[in-house]
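Geometric and topological summary
Chain residues, written in single-letter form:
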Amino acid sequence: MTGIGRELADMMDRRKVGILCVQETRWKGSKARCIGGGFKLFYHGVDGRRNGVGVILKEQYAKSVLEVKRVSDRVMFMKLEIDGVMMNVVSAYAPQVGCAMDEKEKFWSELDEVVMTVPKGERVVIGADFNGHVGEGNRGDEEVMGRYGVKERNAEGQMIVDFAKRMDMAVVDTYFKKREEHRVTYKSGGGCTQVDWRL
């Protein structure tokens, strides 16, 4: 993400986005810094070559931050009070397909723990690169997702659905009918898919 902080701030301003979760920042350290345009980035990374998560806030929301918890280079969350409502924003970056199962289990355990510590009555929003395909359709999973995913579900996508069920959350992106090119969040070698999700 190095060098594009201002570009992200400009995009957020143009699209009127006040809070943005970012992954694969590849910035080492646990800091907060202004990135221009009235936006502030809170981030955490262990290795400057891989992983890293962050949350970018418009200045009005940055003043509302009560707590920032940097769990790992794959999970962080912050608690904000916005207009009297307690909001917990989680940025997460799941291990890719092909990573060791123990790494994936550690990620899901960290995410479970973060969400379970949020007091009842407070809101939770997760913006994540889950590196999983929840697939099209929702037969048997109507309580946590809509019908508008992309292609087939894989094992990592099933982990997302199982997490949503455990935490009584929903895979929000799947409820909105959009053209496939607007649902796709990753393209490579002629293939395309949707791996970034909001719960």
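In the block above lies the structure referred to throughout.
Here the structure is a predicted model, which is why all the values come from computation and not from measurement. Residue indices follow the written sequence of each chain, beginning from 1 at its first position. The predicted nature of this model means local features are confined to residues of pLDDT at least 70 and side-chain atom pairs, given and counted, to a pLDDT of 80 or more, with totals for whole chains, interfaces and linings taken over all residues. Note that the side-chain values use all heavy atoms of the structure and ignore hydrogens as well as water.

**Re helix α4 (residues 155-166)**
For α4, spanning 12 residues, the distance from its first C-alpha to its last is 16 Å, which sits close to the expected 16 Å at 1.5 Å a residue. Between buried and exposed lies partly exposed: a residue is buried under 20% and exposed over 50% of the maximum accessible area for its type, with that area taken using a 1.4 Å probe on protein chains only. Secondary structure is summarised from DSSP: a helix means a run of H or I of at least four residues, a strand means a run of E of at least two, and numbering begins at the N terminus for each. Three or more residues of α4 are buried, namely E156, G157, I160, V161, F163 and A164. The buried residues of α4 occupy an angular sector of 160 degrees when the element is viewed end-on, so they sit on one face. One less than the residue count of a helix, multiplied by 1.5 Å, gives the span that helix is expected to have. The arc in question is traced by the directions running from the helix axis to the C-beta atoms.

**Let's talk about the layout of surface pockets**
Space inside the second largest pocket adds up to approximately 250 Å³. Along its surface, the second largest pocket is lined by V115, V118, P119, K120, G121, E122, V124, R166, M167, D168 and M169. Considered class by class, the residues forming the lining of the second largest pocket number six nonpolar, one polar and four charged. With a 1 Å grid laid over protein atoms only, a set of points is called a cavity when a 1.4 Å probe fits there but cannot get out and a pocket when it is open yet has protein on both sides within 12 Å along at least five of seven lines; lining residues have an atom within 4 Å of a point. Grid points are joined across faces, edges and corners, and a volume is the space filled by probe spheres set on the points. Only Asp, Glu, Lys and Arg are considered charged in this grouping, and only Ala, Val, Leu, Ile, Met, Phe, Trp, Tyr, Cys and Pro are considered nonpolar; every other residue, Gly among them, is considered polar.

**Quick notes on the sheet that holds strand β2 (residues 29-36)**
Strand pairing is assigned whenever DSSP identifies at least 2 bridges connecting the two strands. Ordered by their spatial adjacency, four strands build an open sheet running β1-β4-β3-β2, and the pairing between neighbours is antiparallel. In this open sheet, the two strands that pair with only one neighbour each are β1 (19-23) and β2. For this sheet, the mean inter-axis angle between neighbouring strands, taken without regard to orientation, is 20 degrees. Interaxial angle, 0 to 180 degrees, is taken between N-to-C directions of lines fitted to C-alpha atoms, where a helix line uses only the stretch in contact.

**Remarks on the pairing of strand β6 (residues 75-82)**
Counting buried positions over the eight residues of β6 gives seven, a clear majority of the element. The sheet contact formed by strand β5 (residues 65-70) and β6 spans five bridges and is antiparallel. Bridge pairing links V65 to L80 in β6. Sheet topology places β6 next to strand β7 (residues 85-93); eight bridges connect them, and they run antiparallel. When the bridges of β7 are listed, K79 appears paired with N88. Linking two consecutive strands that pair antiparallel, namely β6 and β7, is a turn of two residues; a positive phi of about 50 degrees is found at D83 within it.

**Focus: the pattern of salt bridges**
By definition, a salt bridge exists where a carboxyl oxygen of Asp or Glu is found within 4 Å of a side-chain nitrogen of Lys or Arg. Scanning the entire structure with this criterion turns up 11 salt bridges. The shortest N-O distance in the salt bridge between K63 and E59 comes to 3.7 Å. Using a relative accessible area of 67% as the deciding quantity, one classes K63 as exposed. Measuring nitrogen to oxygen at the nearest pair gives 2.9 Å for the salt bridge that ties R166 to D112. Taken together, the positions of R166 in helix α4 and D112 in helix α3 (residues 101-116) put the pair 54 residues apart, joining distant regions of the chain. According to the relative accessible area criterion, D112 is buried, its value standing at 15%. Residues joined in a network through salt bridges with shared partners are R50, R74 and E103.

**Describing the side chain of S91**
Position of S91 relative to the elements: it lies in strand β7. Within the structure, S91 has its side chain in polar contact with the backbone oxygen of V22 (distance 3.1 Å). A distance of 3.0 Å separates a polar atom in the side chain of S91 from the backbone oxygen of G54. Residue contacts follow a heavy-atom distance rule, with two residues in contact if any of their heavy atoms lie within 4.5 Å. If we ignore the near neighbours within four places in the chain, the residues touching S91 are C21, V22, Q23, V53, G54, V55, R74, V75, M76 and G127. Throughout this description, a polar contact denotes any pair of N or O atoms lying within 3.5 Å of each other; where both atoms belong to protein, one of them has to be capable of donating a hydrogen while the other can accept it, and for residues adjacent in sequence the pair is counted only when both atoms sit in side chains.

**Notes on the packing of aromatic side chains**
Under the pairing criterion, centres of Phe, Tyr and Trp rings, with the six-membered ring standing for Trp, must be within 6.5 Å; the plane angle then separates stacked pairs below 30 degrees from edge-to-face pairs above 60, leaving the rest tilted. Under the counting rule described, the total for this entry stands at five aromatic pairs. Ring geometry for F107 against F130: centres 6.4 Å apart, planes inclined by 75 degrees, an arrangement best described as edge-to-face. Taken together, the residues F107 in helix α3 and F130 in the loop between β8 (123-129) and α4 connect sequence positions 23 residues apart. Given a relative accessible area of 1%, F107 falls into the buried group. A ring pair is formed by W108 and F163, whose centres lie 5.4 Å apart and whose planes are at 50 degrees; its orientation type is tilted. Of the two residues, W108 sits in helix α3 while F163 sits in helix α4, which places them 55 residues apart along the sequence. Residue F163 is classed as buried on the basis of its relative accessible area, which comes to 0%. Ring pairing ties together the aromatic residues F107, W108, F130 and F163, which thus form one cluster.

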